[in-house]
Amino acid sequence: MRVAVGGIMQETNTFCAVAATLRDFAPYVRRGDAILSTYKQTRTPMGGFLDAGRTEDFTPVPTFFAKAVSSGLTERRTFEALVDDLVQAVRVATPVDGVLLALHGAMVADGTPDADGEIAERIREVVGPEVPIAVELDLHANISKRLVDNVNILTGYDTYPHIDIYDRAVEAGTLLARTFQGHIRPTLARSAVPLLLVPQMQQTSRPPMATLMEEAHRLEASAGMLAVTVAGGFCYADVPHAGVCIVAMSDGNRAHAEDIARQIAQQAWAQREAFAVHNLSVTEGVARAVRAKSGPVIVADVGDNIGGGGPGDGTVLFRQLMAEDAQGAVIAIADAEAVAAAVEAGVGGTMRTTVGGKVDDRHGAPVTVSGVVRAITDGRYVNTGSYMTGAVVEMGRSAVVQVGGIELLLTERKSSPFDLEQLRSVGIDPTQRQIIVVKAAIAWRAAYEPIATEIIEVDTPGVTSTDLSTFTYTRLRRPIYPLDPDTQYL
Ligand SMILES: [Zn+2]
C-alpha cells in the first residue's frame with residue numbers, strides 16, 4: 001500500500017501587516033526524500049505520518065511539505081506556487097491508496113479565505129473520490145465545511161501547548177490504514193459554534209478548555225466513535241468560518257457523528273462566559289515581575305504572540321523593563337536591522353541603534369538602545385523539549401546585547417519561545433535569569449512552566465491582543481460571541 005504524505009502549514013493573522021511570502025516558507029520547504037531526511041524520528045506531523053507507515057505496514061511516499069511562522073495574509077503567487085507544488089507532487093505519486101495531509105487549518109491566502117479547504121479540494125481532484133484522504137489539523141484550525149467535505153479522516157491536536165502533534169499524526173495514519181484495509185468507514189460531522197476564543201483561554205490543561213476537552217474525550221470513547229476534534233479556532237483570522245468548531249468521526253453512522261458533534265458544541269456554547277480573559281496591565285505586570293524575590297518570572301507578551309502572527313518586534317515590555325531598571329531580564333526582539341548593527345559592532349563592541357517597533361504601529365515605538373554585544377550566532381537550534389522535538393528552528397543571524405540589566409536577544413527572523421534551546425543556543429541559561437519575556441499566549445508553557453517561579457500574563461497591545469473589540473472584522477460571520485453578546489445558538 002502506498003500513501004502520499006505532505007502538507008502546507010501556516011496560521012494566518014489577517015490583522016498582521018506583513019504578508020507571508022516564499023521567503024518565509026523557503027527555509028522549511030522539503031520535497032520528496034528530503035521530507036524523510038528532515039523529519040524521520042521527529043515528533044512532528046511528518047514524523048508521525050512516517051512512523052504510522054512502519055506500524056501499519058504502508059509505504060509513505062513523501063511529496064511536498066512547507067510551513068512558515070505565523071504572519072499576515074499569504075501572498076497570492078506564494079500560495080499558488082505552494083499548492084501547485086503539492087498537487088503536482090501528489091499527482092506524480094499516484095496511484096496511491098491514501099493521502100496523509102498536514103495542514104494548520106487557519107491559513108488565509110490573498111483571494112482565498114479558506115486556504116486549507118482549497119488545498120484539500122485540489123488534492124481530492126487529483127486522487128479522485130475513492131481514495132481516502134486523512135488530514136491532521138492544529139487545535140487553532142478554523143475548520144470549514146469545504147475542508148470537511150473533501151477529506152475522509154480528520155484528527156486535530158488535543159493539546160495546547162501542542163505536545164500531541166506526533167500522536168495525532170500517527171492516529172491519522174492508523175485510521176487511514178484501517179480505512180483502506182476495509183476495517184472502518186469514517187464518517188464526519190461538523191458543528192460550527194458562533195464563538196470566538198482568544199488563544200490564551202484555550203490552554204487544554206486548565207478550565208474552561210480542560211472541561212470541554214474532558215467531555216469530548218468522554219464522548220469520543222462511546223461505541224462506534226473513531227475520534228472527536230475540538231478546534232478552538234483562530235480568532236485573528238477575519239474569515240467567515242473563524243471560530244470554535246467540533247468535528248466528530250463515527251464508523252459509518254452519520255446521525256451518531258452529528259449527535260456527538262452537537263453535544264460537544266452545546267457544551268462549548270454553555271461555557272462561553274468562562275472564556276473571558278483577565279490580564280494585568282503593562283505597568284502592573286512589570287512592577288510585579290521586578291519585585292519578585294526569585295526567578296525566573298515569566299512575563300507573557302500576549303499581544304505580540306509570534307505563534308499567532310505577532311511581529312515579534314513589540315517594544316512595550318522592553319521599554320517598561322528599562323524604565324523599572326529590571327535586572328537579570330531577557331527579552332527577544334526580531335529586528336534584522338538591529339542584528340546587522342550588532343554584527344557590525346562585533347562581540348565586545350558597543351551597539352547603538354533603534355530596536356523593534358518597526359513592523360507596524362500596534363506594538364510600541366522603536367527604542368533607542370546602547371549596549372555591549374555579548375554573542376553573535378547563526379540562530380539555528382534543534383528543539384529538545386516536548387514541542388516538535390527534533391525539529392530545527394532558524395532564527396536567522398542572532399545577537400545578544402546587554403542593555404543595563406537586560407539581555408536583549410535580537411534575531412533576523414521572529415522565533416517563538418517554544419523551547420529552552422532558543423536561549424541556551426545563544427549562551428543564556430534561562431534557569432539562571434530573573435525575568436524572561438515570552439512573546440506567546442500559551443505555547444511557551446511547555447518549555448517554561450517547569451522552570452518558572454511565577455507567571456504574569458500582561459495585557460499588551462497588538463495583533464494578538466486579547467481585547468477583540470480592538471479589531472475591525474469585515475468578513476467574519478455575524479452574530480458571533482463575544483463580539484455580539486446577544487448571539488443565539490442552539
Ligand atoms: Zn496552534
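Residues numbered from 1 in each chain as written. Predicted model: local features only at pLDDT ≥ 70, side-chain atom pairs only at ≥ 80, totals over all residues. Heavy atoms only, no water.

S.K.: What am I meant to see in the overall build of the protein here?
M.R.: Counting secondary structure elements, the protein contains 14 helices and 19 strands. Expected size for 490 residues packed as a compact globule is a radius of gyration near 23 Å; at 22 Å, the protein falls within 12% of this value. Overall size of the protein, expressed as C-alpha extent along the three principal axes, is 65 × 50 × 40 Å. Across the protein, the fraction of contacts at a sequence separation of at least 24, relative to all contacts at a separation of at least 6, is 75%. When the accessible surface of the protein is split by element, carbon and sulfur atoms take 48% of a total near 17700 Å². Of note, the protein has its 43 positive side-chain charges centred 2 Å away from the centre of its 58 negative side-chain charges. (Helix = DSSP H or I, 4+ residues; strand = E, 2+ residues; numbered from the N terminus. Rg over C-alpha atoms; globule rule 2.2 N^0.38 Å. Contact = heavy atoms within 4.5 Å. Areas by Shrake-Rupley, 256 points an atom, 1.4 Å probe, with all protein chains shown as cover. Lys, Arg positive; Asp, Glu negative; His and termini not counted. Charge placed at Lys NZ, Arg CZ, Asp CG, Glu CD.)

S.K.: Just to check I follow, could you spell out the domain arrangement of the protein for this structure?
M.R.: For an interface, size is often stated in terms of accessible area lost upon the parts coming together. Partitioning the protein into domains gives domain 1 (2–275) and domain 2 (282–465). On a C-alpha basis, the centres of domain 1 and domain 2 stand 30 Å from each other. Across the boundary between the two partners, domain 1 contributes 28 residues, which contact 30 residues of domain 2. Interface area, domain 1 with domain 2, both sides summed: about 2300 Å², of which 58% is carbon and sulfur. Inspection of the domain 1/domain 2 interface yields one salt bridge. One salt bridge in this structure joins Glu-457 and Arg-206, with 3.6 Å as the shortest N-O distance. In this structure, the connection of domain 1 to domain 2 is made through eleven residue pairs in polar contact (both at pLDDT 80 or more). (Domains from an automatic or database assignment. Buried area = accessible area lost by both parts, 1.4 Å probe. Salt bridge = Lys/Arg side-chain N within 4 Å of Asp/Glu carboxyl O. Polar contact = N/O pair within 3.5 Å; in protein donor to acceptor, adjacent residues only side chain to side chain.)

S.K.: How should I be thinking about the coordination of the zinc ion in this particular structure?
M.R.: When a metal carries six donors in an octahedron, the ideal angles between them are 90 or 180 degrees, while four donors in a tetrahedron ideally lie at 109.5 degrees. At the metal site, the zinc ion is ligated by Asp-138 (OD), Asp-138 (OD), His-140 (ND1) and His-162 (NE2), and these contacts range over 2.1 to 2.7 Å. All donors of the zinc ion come from a single chain, and their spacing in sequence reads D-x1-H-x21-H. Taken together, the residues His-140 in the loop between strand E5 (133–137) and helix H6 (145–149) and His-162 in the loop between strand E6 (153–156) and helix H7 (165–180) connect sequence positions 22 residues apart. Considered together, His-140 and His-162 belong to a single accessibility category, that of buried residues. (Donors = N, O, S within 2.8 Å, 3.2 Å for Na, K, Ca; no water. Buried < 20%, exposed > 50% of the residue type's maximum accessible area, 1.4 Å probe, protein only.)

S.K.: Just checking my understanding: could you explain the pattern of salt bridges for this structure?
M.R.: Proximity of charged atoms lets side chains of opposite charge pair with each other. Within this structure, the stated rule accounts for 27 salt bridges. Note that Arg-146 and Glu-121 form a salt bridge whose closest N and O atoms lie 2.9 Å from each other. A residue pair is termed long-range when its members are at least 10 positions apart, and Arg-146 in helix H6 and Glu-121 in helix H5 (residues 115–127) qualify at 25 residues. Across the pair Arg-433 and Glu-407 runs a salt bridge whose closest N-O atoms are separated by 2.5 Å. With a gap of 26 residues between them, Arg-433 in the loop between helix H13 (421–424) and strand E18 (435–438) and Glu-407 in strand E17 (residues 406–411) connect regions that are remote in the sequence.

S.K.: I'm lost on the nonpolar core in this one. Help?
M.R.: Soluble globular proteins tend to bury their nonpolar side chains together. In terms of nonpolar packing, the biggest core is built from 144 residues, with Ile-143 and Tyr-448 touching the most fellow members. Per-element tally for this core: the top contributor is helix H4 (residues 76–93), with eight residues. Split by domain, this core shows at least three residues from each of two domains, domain 1 (2–275) and domain 2 (282–465). Membership of the second largest hydrophobic core comes to 31 residues, among which are Val-355, Val-373, Ala-399 and Val-401. (Core = buried A, V, L, I, M, F, W, Y, C linked by side-chain atoms within 4.5 Å.)

S.K.: Is there a simple way to think about the sheet that holds strand E11 (residues 329–334) in this case?
M.R.: Strand pairing within a sheet occurs via backbone hydrogen bonds; the two strands may be parallel or antiparallel. With mixed pairing, the eight strands of this open sheet are ordered in space as E12-E13-E16-E17-E11-E18-E10-E19. Unpaired on one side and paired on the other, strand E12 (350–355) and strand E19 (454–458) mark the two borders of the sheet. Averaged over all pairs of adjacent strands, the angle between strand axes in this sheet comes to 30 degrees, irrespective of strand direction. Bridge count between E11 and E18: two bridges; the pairing is parallel. Its bridge partner lying in E18, Ala-329 is registered against Ile-435. On the sheet, helix H10 (residues 282–291) packs against strand E10 (297–301), E18 and E19 and is oriented at approximately 165 degrees with respect to E19. (Pairing = 2+ DSSP bridges. Axes fitted to C-alpha atoms, helices over the stretch in contact; angles between N-to-C directions.)

S.K.: Would you mind going over helix H12 (residues 336–345) with me for this structure?
M.R.: Helical geometry: 3.6 residues make up each α-helical turn, so side chains three or four residues apart lie on a common side. When we look at burial in H12, the residues that qualify are Ala-338, Val-339 and Ala-342. All buried residues of H12 project into a common sector of 105 degrees when viewed along the axis, lining one side. In this structure, H12 carries Glu-337 and Glu-344 as exposed residues pointing more than 90 degrees from its buried face. Summarising the contacts, the buried residues of H12 are in contact with E12, strand E13 (367–377), strand E16 (398–403) and E17. Residue Asp-335 occupies the N-cap position of H12, its side-chain oxygen lying 3.1 Å from the main-chain nitrogen of Glu-337. (Arc of directions from axis to C-beta.)

S.K.: Explanation requested: the packing of aromatic side chains in the structure shown.
M.R.: Each pair of aromatic rings is reported with the distance of its centres and the angle of its planes. Summed over all chains, the structure comprises ten aromatic pairs. Between the aromatic rings of Phe-15 and Phe-471, the centroid separation amounts to 4.7 Å while the plane-to-plane angle is 45 degrees, which identifies the pairing as tilted. Linking Phe-15 in the loop between strand E1 (2–9) and helix H1 (22–25) with Phe-471 in the segment after E19, this pair joins segments that are 456 residues apart in sequence. Phe-471 shares its class with Phe-15; the two are buried. Here a set of aromatic residues connected by ring pairs shows up, and it is made of Phe-15, Phe-234, Tyr-236, Phe-471 and Tyr-473. We note Arg-272 situated over the ring of Trp-269; from NZ or CZ to the ring centre the distance is 4.1 Å. The ring of Tyr-481 carries the charged tip of Arg-272 above its face, separated from the ring centre by 5.6 Å. (Phe/Tyr/Trp six-rings, centres within 6.5 Å; stacked < 30°, edge-to-face > 60°. Lys NZ or Arg CZ within 6 Å of the ring centre and 35° of its normal.)

S.K.: Looking at this structure, I do not really get the sheet that holds E1. What am I missing?
M.R.: Taken in spatial order, the six strands line up as E2-E3-E1-E4-E5-E6 in an open sheet, and their pairing is mixed. For this open sheet the edge positions go to strand E2 (30–31) and E6, each flanked by a neighbour on one side alone. Bridge analysis of E5 against E6 gives four bridges, and the strand direction is parallel. Note that in E6 the partner of Val-135 across the bridge is Leu-154. Packed on one face of the sheet, helix H3 (residues 45–56) meets E1, strand E3 (59–67), strand E4 (98–103) and E5 and runs near 170 degrees to E1. Sheet strands in contact with H5 are E1, E4 and E5, and its direction is about 165 degrees off that of E4.

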